Amino acid sequence: METQNEFHRLNGGKSGWRVRLGRRGQVIRSKLFGKKSIELGRMENSHSPSHGDSSTSSTATPEPESSSYMCTSSENTYHPEALNMALSADTLDSDNHIETCQIPVHNKWIFGRVLDPRSRAVQEWNRFFLLVCGIGLAIDPLFFYALSVSEKFICLYVDGWFAIAVTVLRSATDAMHLWNIWLQLKLAYVSKESLVVGSGKLVTDPRSIALKYLGSRKGFLFDVFVILPFPQMVLWALAPVLIEKGDIVMVMSVFLIMFLFQYLPKVYHSIYLLRRMQHVTGYVFGTIWAGFALNVLAYFVAANAAGACWYLLGIQRAAKCLQKQCEVNKGCDFNILGCVSPIFYSSSLVRNPERLAWRVNNDVHAICIKGDGRFNYGAYKWVVPLVTNTNRIEKILFPIFWGLMTLSTFGNLESTTEWLEVVFNIIVLTSGLLLVTMLIGNIKVFLHAATSRKQSMQLRMRNTEWWMRRRQLPQRLRQRVRHYERQKWAAMRGVDESAMIHNLPEGLRRDIKYHLCLDLVRQVPLFQHMDDLVLENICDRVKSMLFTTGERITREGDPVQRMLFIVRGHFRSTNRLTNGVTSTCMLGPGNFCGDELLSWCLRRPFVQRLPLSSATITSVETTEAFGLDAKDLKYITQHFRYTFLSDKLKRTAKYYSPGWRTWAAVAIQLAWRRYKARFALSSLSFVRMRRPLSRSYSEEDRLRLYAALLASPKPQNEDFVFPSNE
């Protein structure tokens, strides 16, 4: 009880905390009943002394357990001494450990766990939701196509089945919007006050996140507004009432007003979401072709919206034609312009004499339905066949085609003097100009980015061909240059990997090169038994290199500039012996050449002059290797001398050295031939030896036998006698 009171006092009077210490090896939990929780784990090999006095800790902890330390929350910071007193345990066994101290960023509440906007799951959801917004922008104009004119009864009606399908699609997209609203209520954000220095601080307090989202002008209210069921209400509630009254022109006006009232903010909502995604991650999908597809989708959405508005205004013009013809005919009431069933699902019987008379009126058919030219439809003359078309696919595709044609080609639009039609034509042409300038311009940029490296490669090849012709290079050298350029393009597609990595921070650059080169470096037997620190420095300094077939890499007698470690392909190492005789050694994956540099770096006293190559190295086929320059190898051997002092490394270097292998092959062949000659002489039993076999050779024979061995290019032993650690 005394410990609890002291804990309460040191904690600033904050109540509600109860510390519970688990058993040995279990997780220690400290819970706040009601709102907050802090979770403590175990720390391995923790032998720190307890922080409270032993009598108090024994009173507070009936079960002796592990000790620790500090915990804070987003709103309250709890005194470390208070927690140490509550978690102290002087009577612990040495087997008790504390592993970790895991403190959640914030506690859960009604909206769930706080989400990081930079996490992969949130970014994937944002991309998916952006596509949902695009689909929603394509679905909303489809409500216009539910309005149609019956060619049989010459009346306006709502296509019931089509209206149901469009309503279901709109409801599905609205459900995705609701889920996004739920996620926004618990999505962390960057505080503007913290953007003065650095990239800003991420606010993870759940209540602050929810209050900011609910109070933002582009937050909760804006997200709710774009999913309000305005099109559904007009289609299922207002349109049937107006059709029954015969006010068919007003139906289209209400549809258009309600559509623009919500559709334009919805377009802005999608653009705002796109900009916000680019602000957080710097990109949306991360690939050129995804950006190209996104722009094409936006262009089709714009064409769909323009075509749907064109269809709606066209059917409104047809309704005006019907009203005008109804005024001309005596006894015609506007009520007959709306079908008996405003929401039409199947055929129905008509018994009204006025409707029957209106149905057989040939002038109305010819003027308003067939479009014989006596009524000026203006820019909507192509809509006349669509208003009575029962094929829903054709009714949707043809306006989209008209929208694409008008927006992309600025087609000649015939227009009447009616103000609404003139305004519509002006908006369509202006929108087409903006779309061509922005979207088509972006598509051009994406296509140029996708083919820029290939065009750069072609330009470089043209310049190379011109240079080779200007300098009159022989065909053999020209073919080698072309082959090298093709191999380099096939390997990296024109990407300069070294320049790309060079601009990154040093730590990130080393980690990337460590990831790319570690497996390749470990394939080299010389590096297999080195520790990770040496391998990391080697990976940071190696350079990837590509050699074409027949390329002479190093000539015998030239200074050795670098060590080469073969990854794929083969090299040929050639040594010149006496009397024009040459020895050849094939080097494959895992082998290396230029080992003279290794002995040069380890020689004491150090000589500044680079060593000379003892062999000519030529590539047998297209070979990939990584090279370690002389200065980089010198740096590694000087800073990690302890690694290069082992006998195991000396034996490995001798075993894989081309010079030592060549000398060993010559020595073995000479020894074998000498053995065969001695064995052949001893097998002749009928020959009586006048002197011992060892003396059967003349002085000239012995000199000839040893001449090849002594003249062979035996490496100097001191090259691989590594100096002791100074």
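Residues numbered from 1 in each chain as written. Predicted model: local features only at pLDDT ≥ 70, side-chain atom pairs only at ≥ 80, totals over all residues. Heavy atoms only, no water.

1. A few points about the packing of aromatic side chains
And step 1. Taken as a whole and judged by the stated rule, the model has 24 aromatic pairs.
And step 2. Aromatic pair Trp125 and Phe129: ring centres 5.9 Å apart, planes at 20°, arrangement stacked. Remark: Phe129 and Trp125 occur in helix H4 (residues 120-139); sequence separation between them is 4 residues, near one turn of the helix.
And step 3. When its relative accessible area of 16% is taken as the criterion, Trp125 is described as buried.
And step 4. Cluster of aromatic residues (ring-pair linked, three or more members): Trp310, Tyr380, Trp382, Phe398, Phe401, Trp402 and Phe424.
And step 5. One residue, Lys212, lies across the ring of Tyr189, its end atom 4.8 Å from the ring centre. (Phe/Tyr/Trp six-rings, centres within 6.5 Å; stacked < 30°, edge-to-face > 60°. Helix = DSSP H or I, 4+ residues; strand = E, 2+ residues; numbered from the N terminus. Buried < 20%, exposed > 50% of the residue type's maximum accessible area, 1.4 Å probe, protein only. Lys NZ or Arg CZ within 6 Å of the ring centre and 35° of its normal.)

2. A closer look at unusual backbone geometry
And step 1. Phi at Ile154 is positive, roughly 55°, even though this residue is not glycine.
And step 2. Positionally, Ile154 belongs in the loop between strand S4 (147-150) and strand S5 (155-159).
And step 3. At Gln472, a position not held by glycine, the phi torsion is positive, near 55°.

3. Focus on the pairing of strand S11 (residues 562-568)
And step 1. Summarising burial for S11: 5 of the 7 residues are buried, a large majority.
And step 2. Relative to strand S16 (residues 623-629), S11 is paired through 6 bridges, and the arrangement is antiparallel. Considered in S16, the bridge of Met563 is made with Leu628.
And step 3. Where S11 lies against strand S14 (residues 592-593), 2 bridges are found, and the strand directions are antiparallel. Each bridged residue has a counterpart across the sheet, and for Phe565 the counterpart in S14 is Phe592. (Pairing = 2+ DSSP bridges.)

4. Digging into the state of the cysteines
And step 1. Applying the stated criterion across every chain yields a total of 3 disulfides.
And step 2. Here Cys155 connects covalently by a disulfide to Cys339, the sulfurs 1.9 Å from one another. On the sign convention where negative is left-handed, the bridge of Cys155 and Cys339, at about 90° about the S-S bond, is right-handed. Taken together, the positions of Cys155 in strand S5 and Cys339 in strand S8 (residues 338-344) put the pair 184 residues apart, joining distant regions of the chain. Like Cys339, Cys155 is buried.
And step 3. Across a sulfur-sulfur distance of 1.9 Å, Cys326 and Cys332 are joined as a disulfide pair. (Disulfide = S-S within 2.5 Å.)

5. Focus: the sheet that holds S16
And step 1. One open sheet accounts for 4 strands, arranged S9-S16-S11-S14; its pairing is antiparallel. Looking along the sheet, the strands with just one partner apiece sit at the ends: strand S9 (543-547) and S14.
And step 2. Looking at chain direction, S9 and S16 are connected through 5 bridges and run antiparallel. By the bridge assignment for S16, Met545 is matched with Ala625.
And step 3. Contacts from helix H21 (residues 630-639) reach S11 and S16 within the one sheet, and its direction differs from that of S16 by about 60°. (Contact = heavy atoms within 4.5 Å. Axes fitted to C-alpha atoms, helices over the stretch in contact; angles between N-to-C directions.)

6. Brief notes about the nonpolar core
And step 1. Ranked by internal contacts, the top residues of the largest apolar core, which has 67 residues, are Val158, Val251, Phe255, Leu312, Ile315, Trp358 and Phe424.
And step 2. Counting residues per element, this core draws most heavily on helix H10 (residues 288-328), at 16 residues.
And step 3. Look past the residues within four positions of Trp358 in its chain and what remains in contact with it is Phe153, Ile154, Leu322, Gln325, Cys326, Asn329, Cys332, Ile336, Leu337 and Val364.
And step 4. Of all hydrophobic cores here, the second largest spans 31 residues; its members include Met530, Val560, Leu598 and Ile636. (Core = buried A, V, L, I, M, F, W, Y, C linked by side-chain atoms within 4.5 Å.)

7. What to know about the pattern of salt bridges
And step 1. Going through the model one piece at a time under the given rule, you end up with 18 salt bridges.
And step 2. Salt-bridge contacts for Glu465 lead to Arg482; the nearest nitrogen and oxygen are separated by 2.6 Å. One end of the pair, Glu465, is in helix H15 (residues 419-470); the other, Arg482, is in helix H16 (residues 475-492), and 17 residues separate them in sequence.
And step 3. Under the relative-accessibility criterion, Glu465 is labelled buried at 18%.
And step 4. Relative accessible area serves as the criterion here: at 17%, Arg482 is assigned to the buried category.
And step 5. Here Asp629 ties to Lys543 by a salt bridge, and the two come within 3.1 Å at their closest N and O atoms. Linking Asp629 in strand S16 with Lys543 in strand S9, this pair joins segments that are 86 residues apart in sequence.
And step 6. Assessed through its relative accessible area of 45%, Lys543 is described here as partly exposed.
And step 7. Via salt bridges that share partners, Asp140, Arg170, Asp174 and Lys266 belong to a single interconnected network. (Salt bridge = Lys/Arg side-chain N within 4 Å of Asp/Glu carboxyl O.)

8. Examining the sheet that holds S5
And step 1. Taken together, 3 strands build an open sheet; the order of strands is S4-S5-S8 and the sheet is mixed. Strands at the two margins of the open sheet, each flanked by one partner only, are S4 and S8. Each adjacent strand pair in this sheet contributes to an overall mean axis angle of 25°, direction not counted.
And step 2. The pairing of S5 with S8 spans 3 bridges and is parallel. Looking across to S8, one finds that Val158 is bridged to Ile343.
And step 3. On top of the sheet, H10 reaches S4 and S5; it is set at about 35° to S4, its chief contact.

9. A short note on helix H19 (residues 532-541)
Two residues of an α-helix separated by three or four positions point the same way, owing to the 3.6 residues in each turn.
And step 1. When you tally the buried positions in H19, you get 7 out of 10 residues, the bulk of the element.
And step 2. Looking only at H19, the buried set comprises Val534, Leu535, Asn537, Ile538, Cys539, Asp540 and Arg541.
And step 3. Tucked inside the fold, the buried residues of H19 contact helix H18 (506-522), S9, S16 and H21.

10. What about a nonpolar patch on the surface?
And step 1. A grouping of Trp161, Ile164, Val168, Trp236 and Tyr345 is seen on the molecular surface, where their side chains present a nonpolar patch of about 500 Å² in accessible area.
And step 2. Among the elements that make up the nonpolar patch, the one with the highest residue count is helix H5 (residues 160-184) (3 residues).
And step 3. Structurally, Trp236 is set in helix H8 (residues 230-245). (Patch = residues over 30% accessible without salt bridge, like charges linked within 9 Å, V, L, I, M, F, W, Y side chains within 5 Å. Areas by Shrake-Rupley, 256 points an atom, 1.4 Å probe, with all protein chains shown as cover.)

11. Concerning the confidence of the model for the protein chain
And step 1. Confidence in the prediction of the protein chain, expressed as mean pLDDT, is 75, and 74% of residues score 70 or more.
And step 2. Taken as a whole, residues 687-691 scores under 50 in pLDDT and shows 2 contacts with residues more than four places along the chain or in a different chain.
And step 3. Counting interchain partners and residues more than four positions distant, the pLDDT-below-50 stretch residues 693-697 has 11 contacts. (pLDDT = per-residue confidence, 0-100.)

12. Topic: the environment of Leu587
And step 1. Here Leu587 shows up in strand S13 (residues 582-587).
And step 2. Taking the C-alpha atoms as reference points, Leu587 and Phe565, 22 residues apart in sequence, are found 9.7 Å from one another.

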